[in-house]
Amino acid sequence: MDPLNAASRTVDVGGLRMHVLDQGTGPAVVMCHGFPGLAYSWRHQMPVLAGNGFRAVAPDMRGYGGTDRPADPRDYARGATVADMVGLLDALEIEDAVFVGHDFGAALVWDLPQWAPGRVRALIQLSVPRRGDSPVLPSTANAAQAEKHFFHLHYFQRPGVADAELDADPAGFLRRVFWALSGEYRYLDIFRHPSEGNGYLDVLPEAPPLPWPWLSEAEFDHYVEVFTRTGFTGGLNWYRAADHIWREKRQRPDEPVTLPVCFVTGDRDPVRQIVGADSMNDMRASVPGLAEVHVIPGAGHFVQMEAADQVNQIMLGFLTGLA
């Protein structure tokens, strides 16, 4: 199933086969999704970018969709995921690109200017602000949170347990998590549940029937079709790589991001609620290139789907303003 009028191909990015959607010609814009996403998560952005003189490139990230899914979480550490992006540019004969990130894709994209110098023109970041590294292992910090309430970052660390729960009901999980993270629900309500005895499906809310204003039944069915085929382990391994990435970055501390950066979030994004609204102001210290900040009223975590028109206008305005 090719849901977009885009070239769908599989390329070798250096020992990993990566599925990519590629549309348009001109300066390249590479869009990196998070969990539980796909290249398809950029379906509203790709034709707009292509129609305005840009080459829109959206990979299924390592572990997802038509891309290879290594079993070892260590294969999702930062060195590997950066190499994927450099290998993708090489395979598509792209010298440099503007990188767009969302969720785990944003966490990776924040590191690209330092880890892949010369290959990045600018950044457009959705949802996840840049933050300093924790002084303790992520698994330790997540376990402390899980002593207070259910915390998915901790639950997802349990190999086989979370995978089995989500793989057994892809449609149920995807419907609930898309709804819970959207602007229509207060995600932090799941913190009312204890960790003990609960899986993720136990604490996520029931979702209303589709369609929703930002997600049709056909669009939802595409996610279900893909994740039913692939399972969720590849996506969960991005969570399970957190300690490995923490150790990598202790040896390579973050440097300021001086390239032009546009940051976009929804005012109801649970990430914003968890890290605090001041996180965007705090981000300026480590991102002196921060040129634009946009907070979209009513939008939640999946801002590129929930507020597609606004995000597209913001992206085009920023891209056309680059020298």
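Rules used throughout
Residues numbered from 1 in each chain as written. Predicted model: local features only at pLDDT ≥ 70, side-chain atom pairs only at ≥ 80, totals over all residues. Heavy atoms only, no water. 1 Å grid on protein atoms, 1.4 Å probe; cavity = no way out; pocket = protein on both sides within 12 Å on 5 of 7 lines; lining within 4 Å. Points joined across faces, edges and corners; volume = space filled by probe spheres on them. Helix = DSSP H or I, 4+ residues; strand = E, 2+ residues; numbered from the N terminus. Nonpolar A, V, L, I, M, F, W, Y, C, P; charged D, E, K, R; others polar. Pairing = 2+ DSSP bridges. Axes fitted to C-alpha atoms, helices over the stretch in contact; angles between N-to-C directions. Salt bridge = Lys/Arg side-chain N within 4 Å of Asp/Glu carboxyl O. Buried < 20%, exposed > 50% of the residue type's maximum accessible area, 1.4 Å probe, protein only. Core = buried A, V, L, I, M, F, W, Y, C linked by side-chain atoms within 4.5 Å. Contact = heavy atoms within 4.5 Å. Phe/Tyr/Trp six-rings, centres within 6.5 Å; stacked < 30°, edge-to-face > 60°. Lys, Arg positive; Asp, Glu negative; His and termini not counted. Polar contact = N/O pair within 3.5 Å; in protein donor to acceptor, adjacent residues only side chain to side chain.

An unreviewed UniProt entry lists the protein under the name Alpha/beta fold hydrolase, with Sphaerimonospora cavernae given as the organism.

Asks: Describe the layout of surface pockets, naming the residues involved and giving the relevant values.
Replies: Computed from the structure, the largest pocket encloses a volume of approximately 1400 Å³. Lining the largest pocket are 41 residues; nearest its centre among them are Phe104, Ala107, Val128, Arg131 and Leu153. Of all the secondary-structure elements, those providing two or more residues to the lining of the largest pocket are helix H3 (104-115), helix H4 (138-146), helix H5 (152-155), helix H7 (170-181), helix H10 (233-240), helix H11 (242-250) and helix H12 (270-275). For the lining of the largest pocket, the residue count by class is 26 nonpolar, 7 polar and 8 charged.

Asks: Account for the sheet that holds strand E8 (residues 290-296), naming residues and giving values.
Replies: In spatial order, the strands read E1-E2-E4-E3-E5-E6-E7-E8; together these 8 strands make up an open sheet with mixed pairing. Of all strands in the sheet, those with a lone pairing partner are strand E1 (7-12) and E8, marking the two edges. Ignoring strand direction, the axes of neighbouring strands in this sheet form an average angle of 20°. Looking at chain direction, strand E3 (residues 28-32) and strand E4 (residues 55-59) are connected through 3 bridges and run parallel. Note on E4: the bridge partner recorded for valine 29 is alanine 56.

Asks: Kindly report on unusual backbone geometry, identifying the contributing residues and their values.
Replies: Geometrically, the link from phenylalanine 35 to proline 36 is a cis peptide bond, its omega value of -10° lying close to zero. Its location among the elements puts proline 36 in the loop between E3 and helix H1 (46-51). Note that the residue after leucine 210, namely proline 211, is joined by a cis bond; omega there is 5°. Here proline 211 lies in the loop between helix H8 (200-203) and helix H9 (217-230). Of note in the backbone geometry, glutamate 93 takes a positive phi value of approximately 55° without being a glycine. Relative to the elements of secondary structure, glutamate 93 occurs in the loop between helix H2 (78-91) and strand E5 (97-102).

Asks: Give me the pattern of salt bridges: which residues, what numbers.
Replies: Counted according to the given criterion, the structure contains 15 salt bridges. Taking the shortest distance from any N to any O, the salt bridge between arginine 62 and aspartate 84 comes out at 2.7 Å. Pair noted here: arginine 62 is in the loop between E4 and H2 and aspartate 84 is in helix H2, with a separation of 22 residues, a long-range link. With relative accessibility at 9%, the residue arginine 62 sits in the buried group.

Asks: I'd like a rundown of empty space enclosed by the protein, residues and numbers included.
Replies: The full count for this structure, using the stated rule, is 2 cavities of 30 Å³ or more. In this structure, the largest cavity encloses a volume near 70 Å³. Around the largest cavity, the lining residues are His33, Gly34, Phe35, Pro36, Gly37, Ser41, His102, Asp103, Phe178, Phe302, Gln304 and Met305. Split by residue class, the lining of the largest cavity holds 5 nonpolar, 6 polar and 1 charged. Taken as a whole, the second largest cavity encloses approximately 30 Å³ of empty space. Elements with a contribution of two residues or more to the lining of the second largest cavity: strand E7 (261-266), H12 and helix H13 (279-283). Looking at the lining of the second largest cavity, its residues break down into 5 nonpolar, 3 polar and 1 charged.

Asks: Go over the nonpolar core, please, and point to the residues and values.
Replies: Formed by 77 residues in total, the largest nonpolar core has its most connected members in Phe99, Phe173, Phe178 and Tyr200. Among the elements that take part in this core, H7 stands out by supplying 7 residues, more than any other. Setting aside chain neighbours within four positions, we find tyrosine 200 in contact with Phe150, His152, Tyr155, Phe156, Glu165, Phe173, Val177, Tyr187 and Ile190. Ranked by size, the runner-up nonpolar core spans 29 residues in total, among them Trp42, Leu49, Ala307 and Met315.

Asks: Break down the pairing of strand E2 (residues 17-23) for me, with residues and values.
Replies: When you tally the buried positions in E2, you get 6 out of 7 residues, the bulk of the element. Turn length for the E1-E2 hairpin, with the two strands adjacent in sequence and antiparallel, is 4 residues, and the turn residue glycine 14 shows positive phi of about 110°. Inspection of the sheet shows E2 paired to E4 by 4 bridges, in the antiparallel sense. Within E4, the position partnered with leucine 21 by the bridge is alanine 58.

Asks: For the packing of aromatic side chains, give the residues involved together with the corresponding values.
Replies: Each aromatic ring pair is specified by the distance between its two centres and by the angle formed by the two planes. Enumeration over the complete set of coordinates arrives at 25 aromatic pairs. Taking the centre distance of 5.1 Å and the plane angle of 85° together, the rings of phenylalanine 178 and phenylalanine 302 count as edge-to-face. Highlighted residues: phenylalanine 178 in helix H7 and phenylalanine 302 in the loop between E8 and helix H14 (303-306), separated in sequence by 124 residues. What makes phenylalanine 178 buried here is its relative accessible area of 0%. Owing to a relative accessible area of 3%, phenylalanine 302 belongs among the buried residues under this scheme.

Asks: Tell me about the side chain of aspartate 269, and please be specific about residues and values.
Replies: Residue placement: aspartate 269 occurs in the loop between E7 and H12. Buried charge aspartate 269 goes without a salt bridge, the closest partner of opposite sign being arginine 272 at 8.2 Å. Separated by 3.2 Å, the side chains of aspartate 269 and histidine 301 make a polar contact. Here aspartate 269 is in contact with Ser127, Ala299, Gly300 and His301, once residues within four sequence places are set aside.

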